[in-house]
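Geometric and topological summary
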Amino acid sequence: MVWTGTWVAERLGVELIGDEELPALLGLALRRNPKRAHLLVSSVLGKHVPQRPSVVYGSGLDLGRRVRALLGDEEAARSVVLGYAETATALGHAVADGLGPAPYLHSTRRPVAGVARAGGFEESHSHATSHLLLPEDPKLLAGDGPLVLVDDEFSTGNTVLNTVRALHERYPRDRYVVVALVDMRAPADRDRLDAFASEIGARVDLIAGAAGTVRLPEGVLEKGQALVAEHEASGSGTPVPVPVRPVEAAAPVRIELRWPEGIPDGGRHGFTPEHRAVLEAALPRMAGSVAEALRAPSATEPPVAKPRVLVLGFEELMYAPLRLGTALEDAGHDVRYSTTTRSPVLAVDDPGYAIRTRLVFPAHDDPADGPGERYAYNVAGAGFDAVVAVVDSTADTPALHAPDGLLAQLTAHVPRVVLAVVPSYTPQVSDSEAPERSSMLPEPLRGPAFSSYAPEEVGWLLQDLSDVELEAPTEEREEAIQSGGAHYAESLPVEYQPSARYQELFHTALEGSAARIARAVGTVTETVLAERPGRVPVLVSLARAGTPVGVLMRRWAQARHGLDLPHYAVSIVRGRGIDANALRWLAAHHDPADVVFVDGWTGKGAITRELAEAIRAFEATEGIKGFDPEIAVLADPGSCVRTYGTREDFLIPSACLNSTVSGLISRTVLRADLVGPDDFHGGKFYRELAGSDVSNDFLDAVAARFDEVTGTVDTDVKELLAADRTPTWEGWAAVERISEEYGIHDVNLVKPGVGETTRVLLRRVPWKILAKRGADADLAHVRLLAEQRGVPVEVVDELPYSCVGLIHPHYTRGATGADGKAVVSQ
């Protein structure tokens, strides 16, 4: 018998090395993927290759029994099993069945309205990377018993590392067991998992059906991509284009399964041993309904005495159709089992290739990430007399029944198609049973695990997305943002790497302005304390520009008054508001009346308005009162707030850089597939930039000047408290005027002040810079950045700011300079 990896191995030189049973378990195929062209195709998983249900289910049961033997009965009873979407949802469920008393949960790529997200992680090599965890009972993952993680294969171990890292931060435990059909990691990857286990202080065991490695010759990715392109261009890798049966196709027959009421359709929201017992009892009856439909006469095809049947599951819905298949097989039917998939794989009709045929059809479950192609492999031309297509009710849509839909594709190639619909399970959690959402939220992230700040300096009310690829080229981001195709908070700019000349300029600016900044820090801190006599303020900085200011204010209060002010950093996004979950957490741990929001500076006041509106909306929806929407800032050149250190627009060196002066933390991220309704907004910790980090240098340089400015601060505060500090919104008026004068007609593209202008030059596509005549002392870094990006600086009079940055209006790629032509950065 020809090994189903022969075709790929001969053309690319890929080799499987390891246990002798590997060739029987794995074949090879090719796919269009920028990270990994080859695909290991399991013959016992029941995803791409139809297989007997008893073999598929038995593989998982056997692994589960091995886990039980490893843990012992007592620990097995305390364990929870977690499977990976989409390929391992049934495998993980079978492992849980073999383990015995363990509840089961699988990750999902389908958000479910109203269901709180208990976590998430990334699968770096996958074509669709984001996993959600949506248990009906949020306590499911919160126990301290062993967590058993199940995937079909381990290629690098990255997915497991990402999962354990994400879950261990929220739900730490002492033991993990990692389970797979095959372990194909290289020795370095095995060492990495061992080192990680030591790092978190937990035991991590691994159980696999077989082990080995994949030997990849140099350049295999490029060769594989070229081979895929060649076959797609020639048409040899296209789906089966026409029906293989000359007779008129019969319409699909819908059957009533009578799925047991209240039993989940799978492990998306959790599946308990009690659920398992009810399902086991109902399986023979449901299999009987399927068998009756297979025996019924057809208008176009006579019944076959013993038909060859394929039970075809649907993406993540793998366990329910698998168990229907095992029940049919137990009743004496000739059954195979596989499922549809999101994964695009090249089809080559060769005995030495794992994917012989491919059916292509549109997605039919209204996926959150939008429409797209879906696939069924090795179904057409496989000699099946009947297909039992099993979908959940969410996927029983017009698209399923459309002329180009899955059912039409199946009826074109298989004599008889039976449709069985399993009701999609909707978790029912009453208000009395649901825990407070704030109690489900994790504790703040702190350095050195997240940020280069000392742990007592700030707690970040964010979720760590450090392992997610979020960066996009500046020009692509700008075009997407201005076209309405994306929000600025859905991606991150590539971190600016300062030249030696620019770094020197930063240190010069810091040395020259440290005392001036110390004076502003002291003034704003003393004003905050004076406005709240007898209370201890809780500093809540707006990440990330506000965070260095919050740390400095905390240091001032400690040095001058011996106060240990709590300090947290939260996310606020223009157009989306402040992180409501962060507010819930704060309200659960502190009196909202003590919270003081802190930012670095004001421009035109957009964030000031955003915060005020967000607090109003939060109070209306949550019923939690007491948060003061006022912001305390270091510099208020736009005259947008009442509490400030100065209203001069001068260089604050923390505006000169990005993460390397802000604890190595990115700007915050808010994207629906990464941030669920009960998650903190996201952020990245750029550990790899530690060699360029000047975050603590900045703090120390300013704090070192506190003593010398104390007297001046006392005078400033006395004068401020006696003065009329009502905001005039002078900056907003100036921005509106500039927007019209320069034909921009969008105030969001006008960024006033030194800090905002610097951001434009570092993170957006600048059009031109307006510089106030005589403000050169604070603009050396602005002029350097403008020079490097080929952006003109226009000197103007009567500007309420030292400078204003104008983002290129109506940006398209190639339009970078003031003349709309491309400019080469220096």
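Sequence order sets the numbering: in each chain, residues are counted from 1 along the sequence as written. The model is predicted, so local features are restricted to residues of pLDDT at least 70 and side-chain atom pairs to those at 80 or more, both for listing and for counting; the totals for chains, interfaces and linings are taken over all residues. Hydrogens are left out, water is left out, and the side-chain values use all remaining heavy atoms of the structure.

1. Here's the deal with the nonpolar core
Quick note on the threshold: The term nonpolar core refers to a set of buried residues drawn from Ala, Val, Leu, Ile, Met, Phe, Trp, Tyr and Cys, joined through side-chain atoms within 4.5 Å. Classification of residues uses two cut-offs on accessible area relative to the type maximum, computed with a 1.4 Å probe and protein chains only: under 20% is buried, over 50% is exposed, and between them is partly exposed. Secondary structure counts use DSSP, requiring at least four H or I residues in a row for a helix and at least two E residues in a row for a strand, with both numbered from the N terminus. Residue contacts are counted whenever heavy atoms from the two residues lie within 4.5 Å of one another.
Membership of the largest hydrophobic core comes to 131 residues, with the highest contact counts inside it found for L30, V81, V148, Y353 and L410. Tallying contributions element by element places helix α9 (residues 273–295) first for this core, with nine residues. Contact partners of L30, with chain neighbours within four places excluded, come to W7, V8, L12, A37, H38, G224, L227, V228, V345, L346 and Y353. Grouped together as the second largest cluster of nonpolar side chains are 56 residues, F450, L465, F506 and A518 included.

2. A look at the pattern of salt bridges
Should their charged atoms come close, side chains of opposite charge can pair. Put simply, the test is: When a carboxyl oxygen of Asp or Glu is within 4 Å of a side-chain nitrogen of Lys or Arg, the pair counts as a salt bridge.
In this structure the tally under the stated criterion is 46 salt bridges. The salt bridge partner of E86 is K47, with a shortest N-O separation of 3.2 Å. Here E86 is found in the loop between β4 (80–83) and α5 (89–99), whereas its partner K47 is found in the loop between β3 (38–42) and α3 (53–71), with 39 residues between them in sequence. Judged by its relative accessible area of 1%, K47 falls in the buried class. Its salt-bridge partner being D700, residue R555 comes within 2.9 Å of it at the nearest N-O pair. With R555 in helix α16 (residues 546–561) and D700 in helix α19 (residues 695–703), the pair connects residues that are 145 residues apart, well separated along the chain. D700 sits in the partly exposed class, given a relative accessible area of 42%.

3. Here's the deal with the packing of α16 against helix α20 (residues 706–722)
As a reminder, the rule being used: What counts as an axis is a line fitted to C-alpha atoms, over the stretch in contact for a helix, and the angles between N-to-C directions run from 0 to 180 degrees. Just so you know how the angles are binned, under 35 degrees is roughly parallel, over 145 roughly antiparallel, 65 to 115 roughly perpendicular, and the rest oblique. Each residue gets one of three labels, nonpolar for Ala, Val, Leu, Ile, Met, Phe, Trp, Tyr, Cys and Pro, charged for Asp, Glu, Lys and Arg, and polar for the others, Gly among them.
Remark: α16 packs on α20, axes separated minimally by 12 Å, with the N-to-C direction vectors making an angle of 90 degrees. Here α16 is positioned roughly perpendicular relative to α20, judged by the angle of their axes. Here L552, R555, W556 and R560 of α16 lie close against α20, whose contacting residues are F706, V709, T710, V713 and D714. Each residue belonging to the contact of α16 with α20 can be placed in one class, and the counts come to five nonpolar, one polar and three charged.

4. Side note on helix α6 (residues 158–170)
Where we set the bar: By this rule, a helix spans an expected 1.5 Å times one less than how many residues it contains.
An ideal rise of 1.5 Å per residue puts 18 Å on 13 residues; α6 measures up with 19 Å between its terminal C-alpha atoms. Considered for burial, the residues of α6 that qualify are T159, V160, L161, N162, T163, V164, L167 and H168.

5. Re the sheet that holds strand β30 (residues 750–752)
Counted only if it meets this: The pairing criterion for strands is at least two bridges between them, as found by DSSP.
Here we have four strands laid out as an open sheet, ordered β30-β33-β31-β32, and mixed in their pairing. Where the open sheet ends on each side, the last strands, each with one partner, are β30 and β32 (793–796). Averaged over neighbouring strand pairs, the angle between their axes works out to 20 degrees when direction is ignored. Pairing of strand β31 (residues 766–772) with β32 involves four bridges; the strand directions are parallel. Looking at the pairing, I769 lines up with V793 of β32. Lying over the sheet, helix α21 (residues 730–741) contacts β30, β31 and β33 (803–807), oriented at roughly 140 degrees with respect to β30. Across the sheet, helix α23 (residues 780–789) lies against β31, β32 and β33, angled at about 150 degrees from β31, the strand it touches most.

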